[in-house]
Amino acid sequence: YSTGQLSGQNGWTGSTVGTVENSTVFSGLQAVSFDSTGLSGQNLFGHNLTYDSGTDPNQIVVFDIQFMESTTGNRSNWDAINVGANGVYITQLIVQTNGLAVVGVGSSFVGSIPVTRGTWNDFQLVLNFQSQTLSGYVNSQLLGSGSFANPTTVLTRVNLGENSSPNGDTGFFD
């Protein structure tokens, strides 16, 4: 990737706030930073996918992303991972303004694991299309499990970014 705005590179679209940079990374040479200063509402950047569980004998999809929230600014609500199908929400892993990570199950959230600012945390989302269930993990600890918010056999989008309550902090995704 070229340093600078992520949107427009390799299929990423949406918010223009996500920036490819090489100063704060978990591994490799690059990560994406997302400065919430001056924003309002939800600001996500995403990538379209083409996954059909009918052609996958395993019917399991795993997302694994490293996320870190800066130590400066007041906390925002961060979408470490947010997935959907044909414009319909399936689930998300959120770091809330109170510093707790939660997983979306339908219209509610389950689980609660504290996330330390200024530390890389491993967020993993496991989608089982056969059983229509999901499990969310933070640093290998089960956050919570439940059913897809909307039953589906496909996956068409993954989003990352600021979910709501932008408060002048920065999120880093790798």
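Rules of the game
- Residues numbered from 1 in each chain as written.
- Predicted model: local features only at pLDDT ≥ 70, side-chain atom pairs only at ≥ 80, totals over all residues.
- Heavy atoms only, no water.
- Core = buried A, V, L, I, M, F, W, Y, C linked by side-chain atoms within 4.5 Å.
- Buried < 20%, exposed > 50% of the residue type's maximum accessible area, 1.4 Å probe, protein only.
- Helix = DSSP H or I, 4+ residues; strand = E, 2+ residues; numbered from the N terminus.
- Contact = heavy atoms within 4.5 Å.
- Pairing = 2+ DSSP bridges.
- 1 Å grid on protein atoms, 1.4 Å probe; cavity = no way out; pocket = protein on both sides within 12 Å on 5 of 7 lines; lining within 4 Å.
- Points joined across faces, edges and corners; volume = space filled by probe spheres on them.
- Nonpolar A, V, L, I, M, F, W, Y, C, P; charged D, E, K, R; others polar.
- Polar contact = N/O pair within 3.5 Å; in protein donor to acceptor, adjacent residues only side chain to side chain.
- Axes fitted to C-alpha atoms, helices over the stretch in contact; angles between N-to-C directions.

Chemist: Explain the nonpolar core to me, please; I cannot follow it from the model alone.
Modeler: Side chains that are nonpolar tend, in soluble globular proteins, to be buried together. Residues Phe-63, Ile-81, Val-83, Phe-123, Leu-127, Leu-155 and Phe-173 are the most contacted members of the largest nonpolar core, which totals 37 residues. Per-element tally for this core: the top contributor is strand β7 (residues 77-85), with five residues. Discounting residues that sit within four places of it in the chain, Leu-127 has contacts with Gln-59, Ile-60, Val-61, Phe-63, Val-83, Thr-91, Thr-133, Leu-134, Phe-148 and Leu-155.

Chemist: What is the right way to read unusual backbone geometry from this model?
Modeler: A negative phi angle characterises most non-glycine residues, just as the trans form characterises most peptide bonds. Positive phi values are uncommon outside glycine, yet Asn-10 reaches one of about 50°. The topology assignment puts Asn-10 in the loop between β1 (4-5) and β2 (12-14). Positive phi is not limited to glycine here, since Gln-59 has a value of about 55°.

Chemist: Is there a simple way to explain the sheet that holds strand β13 (residues 141-147) in this structure?
Modeler: Backbone hydrogen bonds are what pair the strands of a sheet, in a parallel or an antiparallel way. One open sheet accounts for eight strands, arranged β1-β3-β4-β15-β6-β11-β12-β13; its pairing is antiparallel. Each end of this open sheet is capped by a strand with a single partner; those strands are β1 and β13.

Chemist: Whenever I open this one, the layout of surface pockets confuses me. Can you help?
Modeler: Regions of empty space are outlined by a rolling probe, equal in size to a water molecule, passed over the atoms. In this model, the largest pocket occupies a volume close to 360 Å³. Residue lining of the largest pocket: 16 residues in total, with Trp-12, Val-32, Ile-65, Leu-160 and Asp-174 positioned closest to the centre. Elements with a minimum of two residues in the lining of the largest pocket: β4 (31-35), β6 (60-69) and β14 (154-164). Considering every element that reaches the lining of the largest pocket, the biggest residue donor is β6, with three residues. When the residues that make up the lining of the largest pocket are grouped by side-chain class, the tally is 13 nonpolar, one polar and two charged.

Chemist: What is the right way to look at the environment of Asn-82 in this model?
Modeler: Structurally, Asn-82 can be placed in strand β7. Note: C-alpha distance between Asn-82 and Leu-160 (78 residues apart in sequence) is 6.2 Å. The contact partners of Asn-82, leaving out residues within four places of it in the chain, are Leu-44, Thr-91, Gln-92, Arg-157, Val-158 and Asn-159. Engagement of the side chain of Asn-82 in a polar contact is seen with the side chain of Asp-79, the distance being 3.3 Å. Here the side chain of Asn-82 touches Gln-92 through a polar contact of 3.3 Å, side chain to side chain.

Chemist: How do you make sense of the sheet that holds strand β10 (residues 108-114) when you look at a structure like this?
Modeler: Read across the sheet, seven strands follow the order β2-β5-β14-β7-β8-β9-β10 without closing on themselves; strand pairing throughout is antiparallel. Two strands bound the open sheet, and with one partner strand each, they are β2 and β10. Direction aside, neighbouring strands of the sheet carry axes that sit 25° apart on average. Taken together, the three bridges between β2 and strand β5 (residues 43-52) define a ladder with antiparallel strand orientation. Residue pairing in the sheet places Thr-13 in a bridge with Gly-46 of β5.

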